[in-house]
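Coordinates in review
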Amino acid sequence: MKKLLTMGLVFSLCAACGNMKGGKDPFAALAQQVDSIGKKLNTVLSVDSSMVLRPLEADELFDDFIFNFALDSSLQKQRTMFPLLYIKEGASVRIDRKAWKHDYLFAEQNFYTLLFDREQDMDVVGDTALNAVQVEWLYLKERQVKRYYFQRQKGMWMLDSIALHRISPLKDNDFIPFYSRFVTDSVYQQQHIHSPLQFVTIDPDDDFSILETTLNREQWLAFRPTMPVAPLSNINYGQKNSWNASTKILKVNGIGNGYSNVFYFRRRGGEWELYKYEDTSI
């Protein structure tokens, strides 16, 4: 199985700014257009902060915007509403522009993750009509979630607040406690793999065809991919995410490297199991 690849492309983009069934990396198209987008960024970043900002081409698709927002410190300050409201465990503070420290979000990794309750909810990715999106960090051990709230105002995506709070209440058979143990305990993992495991991948004899087959537990243990541990990132486009849902989908997208894995979990008889795995990396 393919392992997570290095983020060479991301590093090169970082330098230019100064400083994972679909399987397509939404950031790949952006990488091919970096020159034209860069010109627009230079125009915006050259204006005084007191002037009215104009929407960028990247504002149409949130994934394009968040990529630029995470990498470019000047753009990040331009698109943050200061003083920024930060709520932590019920207490709130305001962060002014001078005290703000650049936040790379998930761009310092070579992948990011998405969570869904149902397969049909995955269609929301790429919706250009969205006006509110949350970027999340899920701290599994601490059972906390940190959310960055973005709103599109006058055609422009803006960060308007951040909140850190506990995920509660959680039962022992909810997804987060299960997944935390699943990825750190190999014996427990083997006990919670459905056999045979549905396996979907690209046909090795035809890159344009999908091969659907199965794996037994031994094959899974021999070729299993590296799975994200903690924290998990998530982009909430409006899809429902309930920790006590009976099904859960974890999608792992590489950033600029064609990596794409999807893990399908379900709860049966009170126990969670991995019942389907997709690797459509290119």
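All figures in this text were calculated on a predicted structure; none of them were measured in a lab.

Another point: the overall build of the protein. Looking only at helices and strands, one finds 8 helices and 12 strands in the protein. Of all 282 residues assigned to the protein, the portion counted as buried reaches 49%.

What follows concerns the pairing of strand E11 (residues 260-268). Among the 9 residues that make up E11, 7 are buried, leaving the element largely enclosed by the rest of the structure. Taking the residues that link successive antiparallel strands as the turn, the strand E10 (residues 247-254)-E11 hairpin has 5 residues, and the phi of glycine 256 there is positive, at about 75°. The sheet contact formed by E11 and strand E12 (residues 271-279) spans 8 bridges and is antiparallel. The residue bridging arginine 266 from the neighbouring strand is glutamate 273, located in E12.

Per-residue confidence for the protein gives a mean pLDDT of 85, with 82% of residues at or over 70. Note that pLDDT drops below 50 for residues 1-24; the model gives that stretch 59 contacts with residues more than four away or on any other chain. Of the regions scoring below 50 in pLDDT, residues 33-51 engages in 19 contacts with residues more than four places distant in sequence or in other chains.

About the cut-offs
- Residues numbered from 1 in each chain as written.
- Predicted model: local features only at pLDDT ≥ 70, side-chain atom pairs only at ≥ 80, totals over all residues.
- Heavy atoms only, no water.
- Helix = DSSP H or I, 4+ residues; strand = E, 2+ residues; numbered from the N terminus.
- Buried < 20%, exposed > 50% of the residue type's maximum accessible area, 1.4 Å probe, protein only.
- Pairing = 2+ DSSP bridges.
- pLDDT = per-residue confidence, 0-100.
- Contact = heavy atoms within 4.5 Å.

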